[in-house]
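Summary of the model geometry
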Amino acid sequence: MYILAIETSCDETSASIIKDGCEEISSVILSQMNTHANYGGVVPEIASRMHIENITMVIDEALKKAKMKMEDIDAFAVTYGPGLIGSLLVGLMAAKTLSFIYQKPLIPVHHIAGHIYANNLVKRLEFPLIALVVSGGHTELIYMKEDYSFEKLGGTLDDAVGEAYDKVARVINVPYPGGPLVDKLAFDGQDTYDLPLPLNDNSYNFSFSGLKSAVINLAHNERQRGNEIIKENMAASFQNRVVEILVKKTMKALKDYDVKNLIVAGGVAANKGLRTVLKEACEKADVNLIVPEMKYCTDNAAMIGAAAYYAYKRGDIADLNLNAKAVDSLR
Ligand code: KG4
Ligand code: ZN
């Protein structure tokens with residue numbers, strides 16, 4: 001089954017053709033990052049306008065790379081949410097139009113289901129599993145008994161982890177996009193700053209706003225004393241706390257639910273510190289760890305095409321009334 005998938009939930013215009021939920025035939029990602037970098041973050045109005053300008057070209061390019069025609073496609077999939085509403089609507093209209101013209105099923109995909117199934121492009125998922133979802137908008141631990149069944153164990157009570165990375169980056173004068181650069185700086189720094197381990201309790205919930213505030217206060221106090229903070233050390237101290245709490249709660253979930261498979265999903269899955277510490281912890285606990293390839297960590301349509309195959313098998317087929325949802329929980 002060939003699915004043409006479209007992803008436009010934030011600032012990447014992407015289209016991909018995926019065979020049977022696991023094989024990438026072609027993938028095109030047009031990032032708007034350089035435009036938004038001028039403003040220090042994603043500007044929603046500009047994002048939707050750029051999606052409109054580029055969506056047709058990106059879809060055409062995905063077909064061309066695959067050496068396929070639209071008639072070869074068996075179904076169309078699209079991210080319906082969560083995300084920026086104006087951005088989502090562009091992808092949604094494109095997918096609806098194609099589904100209507102070619103009379104093929106329209107499969108709605110939750111963005112986080114996409115991030116999870118990015119791992120299916122690396123290796124077929126094995127169940128039961130725990131998914132650690134870490135992105136710019138999400139920090140969640142999810143239990144999956146089988147394909148396309150999602151039980152949320154816990155999540156962030158305030159900022160998502162990627163969001164905390166981006167805000168901390170701003171405080172230490174690291175340009176947008178902050179997350180990957182803070183990760184790089186942390187590699188060259190030492191854990192010298194006294195930062196708290198956030199929400200260090202027995203729940204599966206997370207909280208990153210206190211840690212972010214601690215970084216802001218420390219930087220402010222140092223500057224008042226006429227000292228500049230050492231970026232690398234602040235990055236390393238912040239990253240160590242984040243990684244420690246993420247790994248601690250993930251390993252607890254694996255143990256409590258007696259699960260031996262762990263997957264990591266979302267933009268922060270690209271974080272080298274997190275990958276390294278999780279790998280060690282999983283080896284010790286005899287847990288199979290799957291992390292997505294770097295190119296599948298941040299937003300892309302290939303992951304949506306992978307998820308869509310299993311959504312379709314579960315019976316998720318939408319009609320032309322399908323609407324975009326800025327906020328929606330994973331079910
Ligand atoms: O999944 P994603 O592309 O978009 C959302 O669905 O949110 O994730 C983007 C987030 C951003 O906050 C970005 O700073 C963060 O992922 N990120 C990282 C790294 N690479 C991307 N955070 C920490 N370390 C990284 N290497
Ligand atoms: Zn994402």
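Refer to the preceding data block for the structure.
Source: prediction; values computed, not measured.

Section: the coordination of the zinc ion (ligand 2)
Protein-derived ligands of the zinc ion (ligand 2) are His 111 (NE2), His 115 (NE2) and Asp 299 (OD), with the metal-ligand distances lying across 2.0 to 2.1 Å. Written as a sequence motif, the donor arrangement for the zinc ion (ligand 2) is H-x3-H-x183-D. Residue His 111 is found in helix H4 (residues 111-117), and its partner Asp 299 is found in the loop between helix H10 (294-297) and helix H11 (301-314); the two are separated by 188 residues along the sequence. Note on accessibility: His 111 and Asp 299 belong to one class, buried.

A look at helix H9 (residues 272-285)
Here H9 is 14 residues long and its end C-alpha atoms lie 20 Å apart, about the 20 Å a rise of 1.5 Å per residue gives. Residues Gly 273, Leu 274, Arg 275, Leu 278, Ala 281 and Cys 282 constitute the buried set of H9. Its side-chain oxygen at 3.1 Å from the backbone nitrogen of Gly 273, Asn 271 defines the N-terminal cap of H9. Phi turns positive one or two residues past the end of H9, at Asp 286, with a value near 60°.

A word on the environment of Leu 121
Position of Leu 121 among the secondary structure elements: in the loop between H4 and strand S6 (129-134). With relative accessibility at 13%, the residue Leu 121 sits in the buried group. Linking Leu 121 and Val 242, residues 121 residues apart in sequence, is a C-alpha distance of 27 Å.

Considering the pattern of salt bridges
Applying the stated rule across the entire model yields 15 salt bridges. The partner of Asp 159 in a salt bridge is Lys 167, with the nearest N and O atoms 3.6 Å apart. On the accessibility criterion, Lys 167 (31% relative accessible area) is partly exposed. Residues joined by salt bridges that share partners form a network here, namely Asp 159, Glu 163, Lys 167 and Lys 212.

Cut-offs and rules
- Residues numbered from 1 in each chain as written.
- Chains lettered and ligands numbered in written order.
- Predicted model: local features only at pLDDT ≥ 70, side-chain atom pairs only at ≥ 80, totals over all residues.
- Heavy atoms only, no water.
- Donors = N, O, S within 2.8 Å, 3.2 Å for Na, K, Ca; no water.
- Helix = DSSP H or I, 4+ residues; strand = E, 2+ residues; numbered from the N terminus.
- Buried < 20%, exposed > 50% of the residue type's maximum accessible area, 1.4 Å probe, protein only.
- Expected span 1.5 Å × (residues − 1).
- Polar contact = N/O pair within 3.5 Å; in protein donor to acceptor, adjacent residues only side chain to side chain.
- Salt bridge = Lys/Arg side-chain N within 4 Å of Asp/Glu carboxyl O.

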